[in-house]
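One-letter residues, chain by chain:
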Amino acid sequence: YIYSVSNNKVVITNVKDPANIKIESKIICTNGFIPEDMILYGNKLAVISSNYNSEKDTMVTIYNISDKANTKIEEQYTIYSDYYTSRCINGELFVICSGALREEKDKIVTYYTENNEDKEIGLNNIKYIKDDKSEYQTIISSINLDKMEDVKVKAYLFDIENAYVSENNIYLLNSQYTGQKKDFIKDIKVLMTKGVIGYRNYKEYNLDYSYDIYTKIYKFKINEDGNLEYKNKTQLKGEDRK
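Notes on the structure follow. (Residues numbered from 1 in each chain as written. Predicted model: local features only at pLDDT ≥ 70, side-chain atom pairs only at ≥ 80, totals over all residues. Heavy atoms only, no water.)

### Focus: the sheet that holds strand β3 (residues 22–28)
Sheet architecture is open: three strands sit in the order β1-β2-β3, paired in antiparallel fashion. Each having just a single partner strand, β1 (2–6) and β3 make up the two edges of the open sheet. Adjacent strand axes in the sheet meet at a mean angle of 25° when their direction is disregarded. One ladder, built from six bridges, connects strand β2 (residues 9–14) with β3; its direction is antiparallel. By the bridge assignment for β3, I12 is matched with S25. (Pairing = 2+ DSSP bridges. Helix = DSSP H or I, 4+ residues; strand = E, 2+ residues; numbered from the N terminus. Axes fitted to C-alpha atoms, helices over the stretch in contact; angles between N-to-C directions.)

Okay, here's the thing in structure tokens:
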């Protein structure tokens, strides 16, 4: 079978018989969502879609494709942030979103929607990383595709530009410029002419900026139960290249 994205549809094509290729089904995304990514795991197909009608929301829909001609939704949830990337490790699906903090009615958005029900992420699952100041957040959601229990959602107050994933860890990277400003203040006496002689002091600012670029690396451990645990971070001079 070939799984492909065409406009707002996911198409499942049966190619078992090259002389009789046929489309088994077309999964149509609605409400302005466009498929961006897919992950196939056994008889589960996870489709990650983005909504471009307003701010970019991310919707994850997990289909049971045991019957390719009659796919069924087993789970669907929406994260209110931009989609970045996803991985599936030992049956655990991780979807990573990142973007600016959002406000609704003068309050920061701290909820997600699962199967048409709004749920709070919970302050215990929203983490501030020491010495990091950011107006961005990275949201990591995960669900076990074998057990199909409720989705787990955690948020971290930093931005990301790249991700590396091993069997046991997730590494998120973000490059930042840091500037150092040097102020040189000089008192100058100015002689005022045209009939009036006087002195006044003023400060002349000579601002000298120097910039360096650093890459921060955040490490998350994937525990045996599939839960993600933040471990530590480091910072290296230089820029990460994708």
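Okay, back to it.
### Side note on the packing of aromatic side chains
All chains considered together, the criterion is met by six aromatic pairs. Ring centres of F158 and F220 lie 6.5 Å apart, and the angle between their planes is 40°; on these two criteria the pair is classed as tilted. Linking F158 in the loop between β16 (152–156) and β17 (162–165) with F220 in strand β19 (residues 199–222), this pair joins segments that are 62 residues apart in sequence. An identical accessibility class is assigned to F158 and F220; each is buried. On the numbers, 5.5 Å between centres and 65° between planes, the contact of F220 with Y230 is edge-to-face. Of this pair, F220 sits in strand β19 while Y230 sits in strand β20 (residues 228–237), and the two are 10 residues apart along the sequence. Residue Y230 is classed as partly exposed on the basis of its relative accessible area, which comes to 25%. Chaining the aromatic ring pairs together yields one cluster made of Y156, F158, Y218, F220 and Y230. The ring of Y1 has K68 sitting right over it, with the charged end atom 4.9 Å from the ring centre. (Phe/Tyr/Trp six-rings, centres within 6.5 Å; stacked < 30°, edge-to-face > 60°. Buried < 20%, exposed > 50% of the residue type's maximum accessible area, 1.4 Å probe, protein only. Lys NZ or Arg CZ within 6 Å of the ring centre and 35° of its normal.)

### What to know about the sheet that holds strand β9 (residues 92–100)
An order of β8-β9-β15-β16-β14 is seen for the five strands of this open sheet, with the pairing classed as mixed. Bordering the open sheet on either side are β8 (83–89) and β14 (126–127), each of which pairs with just one other strand. As paired elements, strand β15 (residues 136–144) and β16 share five bridges and run antiparallel to each other. Across the sheet, residue S141 finds its bridge partner in β16, namely V153.

### Some words on the pattern of salt bridges
In the structure shown here, the tally under the stated rule is 10 salt bridges. Between R102 and D82 there is a salt bridge, and its shortest N-O distance comes to 3.8 Å. On the criterion of sequence distance, the pair formed by R102 in the loop between β9 and β10 (103–104) and D82 in the loop between β7 (72–79) and β8 is long-range, its members being 20 residues apart. Residue classification places D82 among the partly exposed positions, given a relative accessible area of 28%. Between E229 and K231 there is a salt bridge, and its shortest N-O distance comes to 3.8 Å. The exposure class assigned to K231 is partly exposed, which follows from its relative accessible area of 40%. Through salt bridges with shared partners, one network takes in D57, D82 and R102. (Salt bridge = Lys/Arg side-chain N within 4 Å of Asp/Glu carboxyl O.)

### Concerning the environment of D67
For D67, the position within the fold is in the loop between β6 (57–64) and β7. Counting along the chain gives 43 residues from D67 to E24, while the straight-line C-alpha distance between them is 9.3 Å.

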